[in-house]
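Spelled out from the first residue to the last, the chains are:
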Amino acid sequence: MVFKGELLKMDSMERVVSLCKRRGFIFQSSDIYGGLSNSWDYGPYGVELKNNLKRAWWKANVYERDDILGMDAAILMHPKVWEASGHVKNFFDLKSDCKSCKLRFKASDLKDKNKCPECGGQLTEERAFNLMFETNYGAVEDKESVIYLRPETAQGMFVNFLNILDSRHSKLPFGLAQIGKAFRNEITPGNFTFRTREFEQMEIEYFVKPDDAEKAYKEWVETRYQWYLNLGISKENLRLRPHGKDELAHYALACTDIEYKFSFGWSELEGIANRTNFDLKQHAQYSGKDLRYFDDSTKERFYPYVIEPSGGVDRATLAFLVDAYYEEKVRDDIRVVLKINKDLAPVKVAVFPLLRNRPEIVGLAKKIAGGLKKNFICVYDDTGAIGKLYRRQDEVGTLFCVTVDVQSLEDKQVTVRDRDTMLQERIGIDKLKEYLNTKLTI
Ligand code: ATP
């Protein structure tokens, strides 16, 4: 019986935050020093989940396609990149500071432009606040050495467009994909890992002939929406939101956000935009290099258009966690279970001895776990009674639990329990790998 909703009296996000800390998914950064606000560290299960998510994205967008190449650009780039991209001039929020409590607010979040919403103090005039983190490159700290932590991974792909053409001779349409850290000095970070100042993006720049851009844009919106559904996000919690004309950046022809229904409201996980030929043209102008594409068949040179699906790794991870979180009534108990997709689950199988004071059973269980570890992410645990061990694995979404008991010593079989159905089956130890393989590849 599932009690999602009914049992979730506490905000579902609060429950997930608590689970994340309790079980080692996500911790507050620099916790022992009182924490750095809105900065988070991924623990043992969190890093597995996040890596699985990135792997699933890379597999769908790079390995399973013939038209997309992966890459990994440096975080620190030539400062001119950000002049060309428009970030130096335009990447700012308007903010006001409270003269009394010194808190800083995003102007668009304020109902009353003069009064501090926290203490009622007087607010300063609105001022532009650039969201890029600035630092100095090298030993000298002067105007020349100012450099930025990239606020998006996208520009790393635009500035490598020529390198890719020269080295790979790619023909349109083709795309570049990369996953990496980005930094924005957000005025109002919050909602756990949803909005932070350091985060990871997974972005694609898909170059097409201008006439094909509209069709490619529509296809990408659908492809990216399906990707979340294929990995198990509930349809009722996911929607597409096309941007109105007034929301679009001046160079964008169209943009659609993929939004998830968090407890704090529908919020963006990813944006898919038709960026026209703006970026390549800008970089051509600022670098002096010819970034046009040469079409062999028509002998024409032109700037391709770009379709950009741009998503956040941390936001997607959070959405998958929230969506998979269930509380179920099992007899007189409540079990918390993360019904997360098998490809994303941090651990695939756990092995326990039923009696931890029987060395032969413990020995056999450890041997089985050792064998499985070569093929699956597998953990061995003998630090509690069986009920507790099951509960612990359910909370982190482990797909199968294998229990070794007295009978196993005789009949060479073990009990395999399924996370979602809780049904148990006896499986021969020699058939275990094959059994799990079949279940995990369906
Ligand atoms: P928002 O409107 O929420 O600030 P955005 O439209 O500025 O987001 P983009 O510039 O389109 O975001 O960045 C692409 C993706 O990067 C977003 O869809 C989101 O998943 C992720 N992202 C952007 N800013 C942050 C942030 N501060 N924290 C976590 N992820 C972020």
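Every residue gets a number counted from 1 within its own chain, in the order that chain's sequence is written. The predicted nature of this model means local features are confined to residues of pLDDT at least 70 and side-chain atom pairs, given and counted, to a pLDDT of 80 or more, with totals for whole chains, interfaces and linings taken over all residues. Hydrogens and water molecules were not included; the side-chain quantities draw on all heavy atoms of the structure.

Let's talk about the site of the ligand
Residues are counted as near a molecule or strand when any one of their heavy atoms sits within 4 Å of it. Around the ligand lies a shell of 14 residues, among which Glu186, Arg195, Thr196, Glu268 and Leu269 are the nearest. For the purposes of these results, a polar contact is taken to be a pair of N or O atoms within 3.5 Å, where, inside protein, one atom must be able to donate a hydrogen and its partner to accept one; residues adjacent in sequence count only when each atom of the pair is a side-chain atom. Glutamate 186 is positioned with one of its side-chain polar atoms (N or O) 2.7 Å from a nitrogen atom of the ligand. Measuring from an oxygen atom of the ligand, one finds a backbone N or O atom of leucine 269 at 2.8 Å. Every accessible area reported is derived by Shrake-Rupley at a probe size of 1.4 Å, with residue values counting cover from the shown protein chains alone. Here the ligand, which alone exposes 590 Å², has 78% of that area covered by the protein. Under a 2 Å grid-point criterion requiring more than half of the atoms, the pocket assigned to the ligand is the largest pocket. Each residue is assigned to one class: nonpolar for Ala, Val, Leu, Ile, Met, Phe, Trp, Tyr, Cys and Pro, charged for Asp, Glu, Lys and Arg, and polar for all the others, Gly among them. Within the shell around the ligand, the residues separate by chemical class into three nonpolar, five polar and six charged. Method remark: on a 1 Å grid restricted to protein atoms, a set of points is classed as a cavity if a 1.4 Å probe fits but cannot get out and as a pocket if it is open with protein on both sides within 12 Å along at least five of seven lines; lining residues have an atom within 4 Å of a point. By definition, a pocket or cavity contains a molecule when more than half of the molecule's atoms lie within 2 Å of the pocket's grid points.

Concerning the environment of aspartate 212
Secondary structure elements follow DSSP: runs of H or I no shorter than four residues count as helices, runs of E no shorter than two count as strands, and numbering proceeds from the N terminus. Inspection of the secondary structure puts aspartate 212 in the loop between β10 (198-208) and α7 (213-230). Remark: exposure states derive from per-residue accessible area (1.4 Å probe, protein chains only) relative to the maximum for the residue type, with buried under 20%, exposed over 50%, and partly exposed in between. Accessibility expressed as a relative area gives 40% for aspartate 212, which makes it partly exposed. Residues aspartate 212 and tyrosine 305, 93 residues apart in the sequence, show an inter-C-alpha distance of 8.5 Å.

Quick word on the pairing of strand β19 (residues 349-353)
Within β19, five of the five residues are buried, leaving the element largely enclosed by the surrounding structure. Bridge analysis of β19 against strand β20 (residues 378-380) gives three bridges, and the strand direction is parallel. Bridge pairing in β20 links alanine 350 to valine 379. Crossover handedness is defined by viewing with both strands directed away from the observer: a clockwise path from the first strand over the helix to the second marks the crossover as right-handed. This β-α-β element, β19 to helix α10 (residues 359-373) to β20, shows right-handed connectivity. The criterion for strand pairing is that DSSP finds at least two bridges linking the strands in question.

Here's the deal with the layout of surface pockets
Grid points are joined across faces, edges and corners, and a volume is the space filled by probe spheres set on the points. Here the largest pocket defines a volume of roughly 1500 Å³. Forming the boundary of the largest pocket are 48 residues, of which Phe91, Glu152, Arg184, Tyr251 and Glu268 lie nearest the centre. Put simply, the parts of the chain that give the lining of the largest pocket at least two residues each are α4 (87-90), β4 (92-97), β10, β12 (254-262), β13 (265-274), α8 (278-287), β16 (305-312) and α9 (313-324). Considering each element in turn, the lining of the largest pocket owes the most residues, five residues, to β13. Across the lining of the largest pocket, the residue classes tally to 16 nonpolar, 15 polar and 17 charged. Each pocket or cavity is described by its volume, and for the second largest pocket that value is around 430 Å³. Around the second largest pocket sit 16 residues that line it, and Asn52, Arg55, Ala56, Lys59 and Asp343 are the ones nearest its centre. Contributing elements (two or more residues each) for the lining of the second largest pocket: α2 (44-63) and α7. It is α2 that provides the largest number of residues to the lining of the second largest pocket, a total of seven residues. Considering only residue class, the lining of the second largest pocket consists of seven nonpolar, two polar and seven charged. Domain extents, as shown, originate in an automatic or database domain assignment. Mapping the lining of the second largest pocket onto the domain boundaries places at least three of its residues in each of domain 1 (6-76 + 152-321) and domain 2 (347-441).

Considering the domain arrangement of the protein chain
As far as domains go, the protein chain holds domain 1 (6-76 + 152-321) and domain 2 (347-441). Taken over C-alpha atoms, the centre of domain 1 sits 37 Å from the centre of domain 2. Should any heavy atoms of two residues lie within 4.5 Å, those residues are considered in contact. Each partner contributes residues to the interface: domain 1 has seven residues there, and domain 2 has six residues. Reported buried area values correspond to the accessible surface (1.4 Å probe) lost by two parts on association, with both partners' losses combined. For the domain 1 and domain 2 pair, buried surface summed over both sides reaches about 570 Å², with 53% attributable to carbon and sulfur atoms. Each salt bridge in this description consists of a side-chain nitrogen of Lys or Arg and a carboxyl oxygen of Asp or Glu lying within 4 Å of one another. Inspection of the region where domain 1 meets domain 2 yields two salt bridges. Where glutamate 395 meets arginine 22, a salt bridge forms, and the shortest distance between an N and an O atom there is 2.9 Å. For the pair domain 1 and domain 2, the interface holds two residue pairs in polar contact (both at pLDDT 80 or more). Residue assignment for the side of domain 1 that touches domain 2 shows that the elements contributing at least two residues are α1 (12-23) and α2. A per-class count over the side of domain 1 that touches domain 2 returns three nonpolar, one polar and three charged.

Details of the pattern of salt bridges
Opposite charge on two side chains lets them pair, provided their charged atoms get close. Scanning the model with the defined rule gives 39 salt bridges in all. Between glutamate 64 and lysine 59 there is a salt bridge whose closest N-O contact spans 2.8 Å. Looking at glutamate 64, the relative accessible area reads 54%, which means it is exposed. The class of lysine 59 is partly exposed, set by a relative accessible area of 46%. Here arginine 358 and glutamate 360 are joined by a salt bridge, their closest N and O atoms 3.0 Å apart. Members of the salt-bridge network, linked through shared partners, are Arg239, Arg241, Glu247, Asp257 and Glu259.

Here we look at a nonpolar patch on the surface
Together, Leu354, Leu355 and Val406 give the surface a local cluster of nonpolar side chains, amounting to about 210 Å² of exposed area. Within the secondary structure, valine 406 is located in helix α12 (residues 406-411). For patch detection, residues must exceed 30% relative accessible area and be free of salt bridges, and they are connected within 9 Å for like charges or within 5 Å for nonpolar side chains (Val, Leu, Ile, Met, Phe, Trp, Tyr).

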